[in-house]
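Reading the structure
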Amino acid sequence: MRAEFPDFRLDTVLATSFTGTLSERHGNAVERIPTPRRLVDWLALYGLTVDTCTPAQLDLARELRESIHAAATAAAIQDALPPAAVQVINDRSAQGQASAILTPDGERHWRLGAASPVEDALGVIAADAISIIAGERDGRLALCGSPTCQAAFFDTSQSRTRRWCDMNTCGNREKKARFNANRSKLSS
Ligand SMILES: [Zn+2]
């Protein structure tokens, strides 16, 4: 069953990995969380384990995702943050009731509440977005160099010169395009 859905593109940064669940926003957009179940699957990969998700909660998640995308894009180009997006991020952050838990092995886990675990998980993602957009973390917000993508990503490379949101997809495609352009120049 699951093979019919687009794969996830996982990134080490929670908030921008989340915005990456919609890719190719400026081309043929690929929705990687097309159903509530796929959101449940995605959250589990980041240790945000919930049993179920309703269509209304999926709508909330997508609203948060697009709000993070809008705010992160504005921050990347040093534009004013869109107030509506900031409001959504703050609402989700305020509504979340997740607790950070330190395990005996020294790892951080998230404990989500029993009443509204999806909202709690979204709160964790919103707080992660806030820390990035506020410039608290070591890294730089940038936009993917692929014209059909232009996703906001968080560059933690030492040189801060990363150009693609995802090397395996956007990066390779652009490299191939450049290679083919050079080859056709040589043969003409
Ligand atoms: Zn990209």
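Here we summarise the structure given alongside this text. Here the structure is a predicted model, which is why all the values come from computation and not from measurement.

**Examining the coordination of the zinc ion**
- Within the protein, the zinc ion binds to Cys144 (SG), Cys149 (SG), Cys165 (SG) and Cys170 (SG); these donor distances fall in the range 2.3 to 2.4 Å.
- Angles of 103 to 118 degrees at the metal separate the four donor atoms of the zinc ion, which places the site in the tetrahedral class.
- In the primary structure, the donors to the zinc ion are separated according to the pattern C-x4-C-x15-C-x4-C. With Cys144 in the loop between strand 5 (140-143) and strand 6 (152-155) and Cys165 in the loop between strand 6 and helix 6 (167-187), the pair connects residues that are 21 residues apart, well separated along the chain. Accessibility assignment for this pair places Cys144 and Cys165 in one class, buried.

**As for the packing of helix 3 (residues 55-76) against helix 4 (residues 83-95)**
- For the pair helix 3 and helix 4, interaxial distance at closest approach is 8 Å and the crossing angle is 130 degrees. As the angle between them shows, helix 3 and helix 4 are arranged oblique. Of the two elements, helix 3 crosses helix 4, and the hand of that crossing is left-handed. Counted together, Leu60, Glu63, Leu64, Ser67, Ile68, Ala70 and Ala71 of helix 3 and Ala85, Val88, Ile89 and Arg92 of helix 4 form the full contact between these two elements.
- Grouping the amino acids of the contact of helix 3 with helix 4 by side-chain chemistry returns eight nonpolar, one polar and two charged.

Criteria and thresholds
Residues numbered from 1 in each chain as written. Predicted model: local features only at pLDDT ≥ 70, side-chain atom pairs only at ≥ 80, totals over all residues. Heavy atoms only, no water. Donors = N, O, S within 2.8 Å, 3.2 Å for Na, K, Ca; no water. Tetrahedral: all angles 85-135°; square planar, octahedral: opposite > 155°, others 65-115°. Helix = DSSP H or I, 4+ residues; strand = E, 2+ residues; numbered from the N terminus. Buried < 20%, exposed > 50% of the residue type's maximum accessible area, 1.4 Å probe, protein only. Axes fitted to C-alpha atoms, helices over the stretch in contact; angles between N-to-C directions. Parallel < 35°, antiparallel > 145°, perpendicular 65-115°, else oblique. Left-handed = near helix turned anticlockwise from the far one by under 90°. Contact = heavy atoms within 4.5 Å. Nonpolar A, V, L, I, M, F, W, Y, C, P; charged D, E, K, R; others polar.

These figures capture arrangement, not role.
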